Amino acid sequence: MNDSGDIGWGLPMTVYVDLVFFNNLAVDGTVLLATAKVRHLRPTRTRLFSGAILGALYAAVMFWAHIPYLYSFGVKVMISLFMVLLTFGYGGPLQLARNFCAFYLVNFATLGGVIGLSFLLQSADSPWGGMSFTPDGGLILKWQMQLGMFIVTFLLSVWLFRSSSETRKKRQELEQLFWEIEIKLADGSWKMRALLDTGNRLYDPLTRIPVMIMEASIWREELPAGWCDRLKEVAPDQLLSEMANQSMEQYPWADRLRLVPYRGVNGNTRLMLAVKPDAVLLSKEGHPPLQVNRVLIGLDGGTLSSEGTYRAIVHPDMALADAASSAPSQPA
């Protein structure tokens, strides 16, 4: 598909709309990827492709249809806004504003690189001489500026590829630390994803039993009413003291509760509420399933992963357990 017309100084020029579309699709896709990198975002391929297609269609329509009001400043800003929304979603007004500003900053940086390279490639005194506009607002670039655009977008693509490769490598290394665990306690069973933390060296000081960490909210229905929320502010020994005053016999897990001392970030010694399970089963692709019976589960009143990637932290000693079921659970 092509469209031809007078570009303003009497010289006819043929514009191939299909080439305009695919050229802008590649450039817009690269700019959106660079924006995602700058903002540390991970849009899906479908979202990224949708945003790039919108920008490419808008650029192609400029040469295909004569609708002057579509090429005004306000409409161009709206198209850019919709491209950002399609690619990154809404996420609130502040998030949208940041994504939108980053998108235009990357655009300006890309344009600056194109102008600089085209200035080196052409003999004209001004790099702006390589650009012209159609009566409808379409932008026509001379070969020097087109070559400059391809070089800049190629360099951006190489940078994005290397960055994504490094990110993928780090993600694969992190994936090696994730385990699927199942906690068995009384008649109940709870499954979740856990992170193996080699820096977690928390033991019960009396029995030397390793202590793994789990979000208390998983046991919101099993723990006494209000404990999950109160664990963020109230010391666990105070909670146990309140339970003792009421009657611990009413709570079926009363004999499984423990207090484990640990050293906080500021160096102060604190207490953590822990529960003694019957067993914890660990499984991961490529590894035989493990069963750990001698372990305590420390309860954390907050959220262990802000992204919700995992809800428990596995003690490194647990990964050294025998593949076969170990001895029956021993009291701690």
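Keep in mind that what you see is a predicted model, and the values were worked out from it rather than measured. (Residues numbered from 1 in each chain as written. Predicted model: local features only at pLDDT ≥ 70, side-chain atom pairs only at ≥ 80, totals over all residues. Heavy atoms only, no water.)

Here the focus is the overall build of the protein. The number of helices and strands found in the protein is seven helices and 13 strands. Buried residues in the protein amount to 41% of all 332 residues. Long-range pairs, those at least 24 residues apart, make up 62% of the contacts in the protein between residues at least 6 apart in sequence. (Helix = DSSP H or I, 4+ residues; strand = E, 2+ residues; numbered from the N terminus. Buried < 20%, exposed > 50% of the residue type's maximum accessible area, 1.4 Å probe, protein only. Contact = heavy atoms within 4.5 Å.)

This part is about the packing of aromatic side chains. Within the structure shown, the criterion is met by six aromatic pairs. Cluster of aromatic residues (ring-pair linked, three or more members): Trp 190, Trp 219, Tyr 251 and Trp 253. Lying over the aromatic face of Phe 178, Arg 193 brings its terminal NZ or CZ to 4.2 Å of the ring centre. (Phe/Tyr/Trp six-rings, centres within 6.5 Å; stacked < 30°, edge-to-face > 60°. Lys NZ or Arg CZ within 6 Å of the ring centre and 35° of its normal.)

In this section: the nonpolar core. Ile 181, Met 214, Trp 219, Val 280, Leu 282 and Leu 299 are the most contacted members of the largest nonpolar core, which totals 37 residues. Setting aside chain neighbours within four positions, we find Ile 181 in contact with Trp 190, Lys 191, Met 192, Ala 194, Met 212, Val 280, Leu 281, Leu 282, Ala 312 and Val 314. Core analysis: the next-biggest nonpolar cluster, separate from the first, contains 21 residues, Ala 36, Ala 60, Met 83 and Val 106 among them. (Core = buried A, V, L, I, M, F, W, Y, C linked by side-chain atoms within 4.5 Å.)

What follows covers the pairing of strand E7 (residues 211–215). Where burial is concerned, most of E7 is hidden: five out of the five residues are buried. Summarising the sheet, E7 and strand E12 (residues 296–300) pair through five bridges and their orientation is parallel. Opposite Ile 213, over in E12, you have Gly 298 as the bridge partner. (Pairing = 2+ DSSP bridges.)

All right, on to the pairing of strand E9 (residues 269–275) then. Every regular strand shows the same layout, with side chains that alternate between the two sheet faces. With seven bridges joining them, strand E8 (residues 257–263) and E9 adopt antiparallel strand pairing. By the bridge assignment for E9, Leu 259 is matched with Leu 273. As paired strands, E9 and E12 are joined by two bridges and run antiparallel to one another. Pairing of Ala 274 across the sheet is with Gly 298, part of E12.

What follows deals with helix H3 (residues 73–88). Over its 16 residues, H3 runs 23 Å from end to end, which matches the ideal 22 Å to within 8%, given 1.5 Å per residue. Along H3, the residues that are buried comprise Ile 79, Ser 80, Met 83, Val 84, Thr 87 and Phe 88. Along the axis of H3, the buried positions cluster into a sector of 140°, meaning they face one direction only. At the exit of H3 stands Gly 89, carrying a positive phi of roughly 80°. (Expected span 1.5 Å × (residues − 1). Arc of directions from axis to C-beta.)

This part is about the sheet that holds E8. Read from one edge to the other, the open sheet built from nine strands follows the order E8-E9-E12-E7-E13-E6-E5-E10-E11, with strand pairing classed as mixed. Because the sheet does not close on itself, it has two edges, and the strands there are E8 and strand E11 (287–292). Recorded for the sheet is a direction-independent mean angle of 35° between the axes of neighbouring strands. Relative to strand E10 (residues 279–284), strand E5 (residues 178–185) runs antiparallel, the two sharing five bridges. In the strand pairing of E10, Lys 184 is matched with Ala 279. (Axes fitted to C-alpha atoms, helices over the stretch in contact; angles between N-to-C directions.)

It is worth spelling out the pattern of salt bridges at this point. Enumeration according to the criterion identifies seven salt bridges in this entry. A salt bridge links Arg 193 to Glu 180, with the shortest nitrogen-to-oxygen separation between them at 3.7 Å. Of the two residues, Arg 193 is situated in strand E6 (residues 188–196) and Glu 180 in strand E5; the sequence distance between them amounts to 13 residues. A relative accessible area of 26% means that Arg 193 is categorised as partly exposed. (Salt bridge = Lys/Arg side-chain N within 4 Å of Asp/Glu carboxyl O.)

Further remarks concern the confidence of the model for the protein. Averaged over every residue, the pLDDT of the protein is 76; residues scoring 70 or more account for 67%. Mean pLDDT per element in the protein: strand E1 (residues 2–6) is the minimum at 39, and E7 is the maximum at 95. Confidence drops under a pLDDT of 50 for residues 1–13, and excluding neighbours within four residues, the segment shows 26 contacts in the predicted structure. (pLDDT = per-residue confidence, 0-100.)

Here the focus is unusual backbone geometry. Positive phi, normally seen in glycine, also occurs at Ala 186, with a value near 55°. As for its placement among the helices and strands, Ala 186 is situated in the loop between E5 and E6. Notably, Arg 208 is not glycine yet its phi reads approximately 60°, a positive angle.

What follows covers the environment of Lys 191. Position of Lys 191 among the secondary structure elements: in strand E6. Relative accessible area serves as the criterion here: at 67%, Lys 191 is assigned to the exposed category. Each C-alpha atom of the pair Lys 191 and Val 280 lies 9.7 Å from the other, and the pair is 89 residues apart in sequence.

The next subject is the environment of Val 275. Along the polypeptide, Val 275 turns up in strand E9. For the pair Val 275 and Gly 298, spaced 23 residues apart in the sequence, the C-alpha separation amounts to 6.5 Å. Beyond its immediate sequence surroundings of up to four residues, Val 275 is in contact with Leu 185, Trp 219, Trp 253, Arg 256, Leu 257, Leu 296, Ile 297 and Leu 299.

On to the environment of Leu 196. Residue placement: Leu 196 occurs in strand E6. Look at Leu 196 and you get buried, because its relative accessible area is 13%. For the pair Leu 196 and Asp 317, spaced 121 residues apart in the sequence, the C-alpha separation amounts to 9.7 Å. Leu 196 has contacts with Leu 177, Trp 179, Val 314, His 315, Pro 316 and Ala 319, leaving out every residue within four places of it along the chain.

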